Amino acid sequence: MRTPEEILPALGRLPLAREEVDRGCEVRAREGWLEQVWTRAESRVLWVSGGRAPVLGGQLVLTRPEGRLPAGAVYLGRSTADTVPGAGPRAELILLVSDDHPPLTGGEAGGQAVSSLEDVAWVGLRDVAAALTDRDAGVFVEAVAIANWHAVHTHCPRCGTPTEVTQSGWVRVCPQDRSEHFPRTDPAIIVTVTDHQDRLLLGNNVAWGPSVYSTLAGFVEPGESLEAAVVREIHEESNLRVHSPVYLGSQPWPFPQSLMLGYTAVTDHPDEAAADREEVAHVRWFTRQELEDAVSGGEITLPGSASISRALIEHWFGGALPEPRTLQN
Ligand SMILES: [Zn+2]
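Residues numbered from 1 in each chain as written. Predicted model: local features only at pLDDT ≥ 70, side-chain atom pairs only at ≥ 80, totals over all residues. Heavy atoms only, no water.

1. A look at the sheet that holds strand β10 (residues 164–166)
Inference 1: Pairing is antiparallel across the open sheet formed by 3 strands, whose spatial order is β10-β11-β12. Since the sheet does not close on itself, it has two edges, and those belong to β10 and β12 (180–181), each with one partner. (Pairing = 2+ DSSP bridges. Helix = DSSP H or I, 4+ residues; strand = E, 2+ residues; numbered from the N terminus.)

2. Observations regarding the coordination of the zinc ion
Inference 1: Each protein donor to the zinc ion is listed here as Cys156 (SG), Cys159 (SG), Cys174 (SG) and Asp177 (OD); together their distances run 2.2 to 2.3 Å.
Inference 2: In this structure, the zinc ion is surrounded by 4 donor atoms whose angles at the metal cover 103 to 118°, and the resulting shape is tetrahedral. (Donors = N, O, S within 2.8 Å, 3.2 Å for Na, K, Ca; no water. Tetrahedral: all angles 85-135°; square planar, octahedral: opposite > 155°, others 65-115°.)

3. Observations concerning the side chain of Thr192
Inference 1: Among the secondary structure elements, Thr192 is positioned in strand β13 (residues 186–194).
Inference 2: What makes Thr192 buried here is its relative accessible area of 3%. (Buried < 20%, exposed > 50% of the residue type's maximum accessible area, 1.4 Å probe, protein only.)

4. Structural notes on the environment of Leu117
Inference 1: Residue placement: Leu117 occurs in the loop between β8 (112–114) and β9 (121–124).
Inference 2: Since its relative accessible area comes to 23%, Leu117 is described here as partly exposed.
Inference 3: With 56 residues separating them in the primary sequence, Leu117 and Val61 have C-alpha atoms 9.0 Å apart.

5. Considering the packing of aromatic side chains
Inference 1: A complete count under the given rule lists 5 aromatic pairs for this structure.
Inference 2: Ring geometry for Tyr213 versus Phe286: centroids 6.1 Å apart, planes at 80°, classification edge-to-face. With a gap of 73 residues between them, Tyr213 in the loop between β14 (200–205) and β15 (216–219) and Phe286 in strand β18 (residues 280–286) connect regions that are remote in the sequence. Both residues of the pair, Tyr213 and Phe286, count as buried. (Phe/Tyr/Trp six-rings, centres within 6.5 Å; stacked < 30°, edge-to-face > 60°.)

6. Considering the layout of surface pockets
Inference 1: Here the largest pocket defines a volume of roughly 620 Å³.
Inference 2: In terms of lining, the largest pocket is formed by 28 residues, of which the most central are Ile190, Trp208, Ala217, Trp253 and Met260.
Inference 3: Those elements that provide at least two residues to the lining of the largest pocket are β13, β14, β15, β17 (258–267) and α6 (308–317).
Inference 4: Residue contributions to the lining of the largest pocket peak at 4 residues, all from β15.
Inference 5: Looking at the lining of the largest pocket residue by residue, the class counts come to 13 nonpolar, 11 polar and 4 charged.
Inference 6: A volume near 510 Å³ is recorded for the second largest pocket.
Inference 7: Of the residues forming the lining of the second largest pocket, the biggest block, 6 residues, is contributed by helix α3 (residues 134–152). (1 Å grid on protein atoms, 1.4 Å probe; cavity = no way out; pocket = protein on both sides within 12 Å on 5 of 7 lines; lining within 4 Å. Points joined across faces, edges and corners; volume = space filled by probe spheres on them. Nonpolar A, V, L, I, M, F, W, Y, C, P; charged D, E, K, R; others polar.)

Structure below.
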């Protein structure tokens, strides 16, 4: 049997791609599964409110189920983190979503009981992901992603009737025409473009500050392969024709529902680089020395450590670059 490290893509273990939870796809479809799990002593609840979860000492705070099972609960799976000493007990994990921060009673963080919940902070995934354990990062990503889907898929896309949640929160069914609706993910490619001198192309998006530079990216269109999306998006945003796209790794990016697929690709004509001025304001080529100087001198800011863009840039660079001060996407 291969270890997780042996089946990892070139980018390695990305901050938002660290699943330590067995999602239990075969059990969650059972009638009454969530009700049954709710009554178990080893079950734990993760609250998410506005994309934020309770965090204490760098760990997610999980609470025990209390009272009746609330509407809108989602089964997240069984924690497999008991194989990691000190990372928490084997637990059934249930997501509850709240509009505001609910008062927490009786919680634990990292498998340790929390005596006081006064210091709990409600923190967004991007801000805390890189610091969390594998189990906590994985379950937080899963929770935010499924919560985001439910939030905007309340009605049947065929007839407009409000849908009903089934299969422990993983399917919505229309009571009118019985159509079933499953959680959606939008694939997006993100690319390190290089030239024959192995320089890296980065772009400054019109929506960011002028000093923020990142890899180029875009959504895959219906009926399009990932490789075709790489070639099309890079040409649209930078005027460059690229070839030889190579897949390097992926991670979910549930803001609100993307899956980022990291590629590298090559151009034969780097001098033709020109920003589209609609989405990308500037494009710029960097040697490794130029990028290191620009980052350490504060001239440019790179994406945050939770992003695949950061991992792609550092994969090309061959090591870590200084941390950015603010940007987290
Ligand atoms: Zn319908």
